[in-house]
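An overview of the molecular structure
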Amino acid sequence: MSILIGLIAGLFGGLVGLGGGVVMIPLMVGVLRMGQHKAHGTSLVALVFTGIAGAITYATKGAVDITASVLIAVTAIFTARAGARFAHALAEWKLKRSFGAFLIIVSLLLLMKPYLSHGSQPAEGWIKIAVLLLTGIFTGFLSGMMGVGGGTIMVPAMVLLAGFSQHTAQGTSLLAMIPAGGVGAFTHLRLGNVEVKLIPGLIPGILVGTFLGGTLAQILSETVLRIVFAVVLIWTGVKYLKAPSASKS
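Residues numbered from 1 in each chain as written. Predicted model: local features only at pLDDT ≥ 70, side-chain atom pairs only at ≥ 80, totals over all residues. Heavy atoms only, no water.

Some points on the layout of surface pockets
The following threshold applies: Site definitions follow a grid-based scheme: protein atoms alone, a 1 Å grid, a 1.4 Å probe that fits but cannot get out for cavities, and for pockets an open set with protein on both sides within 12 Å along at least five of seven lines, plus lining residues having an atom within 4 Å of a point. Grid points are joined across faces, edges and corners, and a volume is the space filled by probe spheres set on the points. Each helix is a run of H or I in the DSSP string that is no shorter than four residues. Each strand is a run of E no shorter than two, and both are numbered from the N terminus. Basically, the charged four are Asp, Glu, Lys and Arg, the nonpolar ten are Ala, Val, Leu, Ile, Met, Phe, Trp, Tyr, Cys and Pro, and anything else, Gly included, counts as polar.
In this model, the second largest pocket occupies a volume close to 410 Å³. Lining the second largest pocket are 18 residues, with Pro26, Leu27, Trp235, Thr236 and Tyr240 sitting closest to its centre. Where the lining of the second largest pocket is concerned, the elements lending two or more residues are helix H1 (2–16), helix H2 (21–30) and helix H10 (222–241). Broken down by element, the lining of the second largest pocket gets its largest block of residues, seven residues, from H10. Looking at the lining of the second largest pocket, its residues break down into 14 nonpolar, two polar and two charged.

In structure tokens, the structure reads:
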């Protein structure tokens, strides 16, 4: 079952250019009846390997800015640990609602993707460095807390504020998420929030699924895929937002 979940997560992620965490976590919670905390930690471990494979692929095409990746990772590795610990401290229902809100934000960004363009005056010099460091601070915390790669935040920040092309921003974000996600995943592991036995199935599943999704994305209509996926995310997010509090449950 873990292979199938990884395959589905990778397939949808590859189709619309997102990491598989936003699909993997709801599937692990809904199908495997896993606790929200363990789903976040397990997802993040699997996504580190996705980042490695993806970064290598983009690097072979010259679409990775190593300096930018390092700048983002420098701050992200510290906040990823904090994000993982923050998630661990939250009550189950609070983490569910936070994840629901995150899914809705991701879906809105997905719908806005065609209308986002480069900023008129991209940051340069020390300002650009500051933008990348700040991006790492926010992305690391989000990655550790939500169990996702963080590309949802990194890519728009690099494209809109730092003047990166979409392709280079995606490759750079994949490389940056390896150390940041690794720290968050290790923290979740130490806190007992990783279902280790699922990892051997999730990793190959999500890698194959991402490849298939990326291939299908070249054939199918991106607009239709983006709208359908956004609707599914919103529906899932609303369900999570309705998670009963401890007093009600």
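More follows now that the structure is in view.
Notes on the pattern of salt bridges
As a reminder of what qualifies: The term salt bridge refers to a pairing of a side-chain nitrogen on Lys or Arg with a carboxyl oxygen on Asp or Glu at a separation within 4 Å. Accessibility here uses a 1.4 Å probe with only protein chains present; expressed as a share of the type maximum, an area under 20% marks a residue as buried, one over 50% as exposed, and anything in between as partly exposed.
Summed over the entire model, instances satisfying the criterion amount to one salt bridge. For lysine 38, the salt bridge identified is with glutamate 195, shortest N-O distance 3.4 Å. Placement of lysine 38 in helix H3 (residues 36–60) and of glutamate 195 in the loop between helix H8 (166–190) and helix H9 (199–217) is noted, with a sequence separation of 157 residues between them. The exposure class of lysine 38 is partly exposed, given its relative accessible area of 29%. On the accessibility criterion, glutamate 195 (21% relative accessible area) is partly exposed.

Regarding the packing of helix H7 (residues 151–162) against H8
Basically, it comes down to this: Only C-alpha atoms enter the line fits that serve as axes; for helices the fit covers just the stretch in contact. Angles between N-to-C directions range over 0 to 180 degrees. Should an angle lie under 35 degrees it is considered roughly parallel, over 145 roughly antiparallel, and from 65 to 115 roughly perpendicular; all remaining angles are considered oblique. Helix crossings get a hand from a simple test, with the near helix turned counterclockwise from the far one by less than a right angle marking a left-handed crossing and a clockwise turn marking a right-handed one. Here a residue-residue contact requires only that any non-hydrogen atoms of the pair lie within 4.5 Å.
Running from amino to carboxyl end, H7 crosses H8 at an angle of 135 degrees, the nearest separation of the two axes being 9 Å. Here H7 lies oblique to H8, going by the angle between them. Considering only the axes of H7 and H8, their crossing is right-handed. Counted together, Gly151, Met154, Val155, Met158 and Val159 of H7 and Gln166, Ala169, Gln170, Thr172, Ser173, Ala176 and Met177 of H8 form the full contact between these two elements. Across the contact of H7 with H8, the residue classes tally to seven nonpolar, five polar and no charged.

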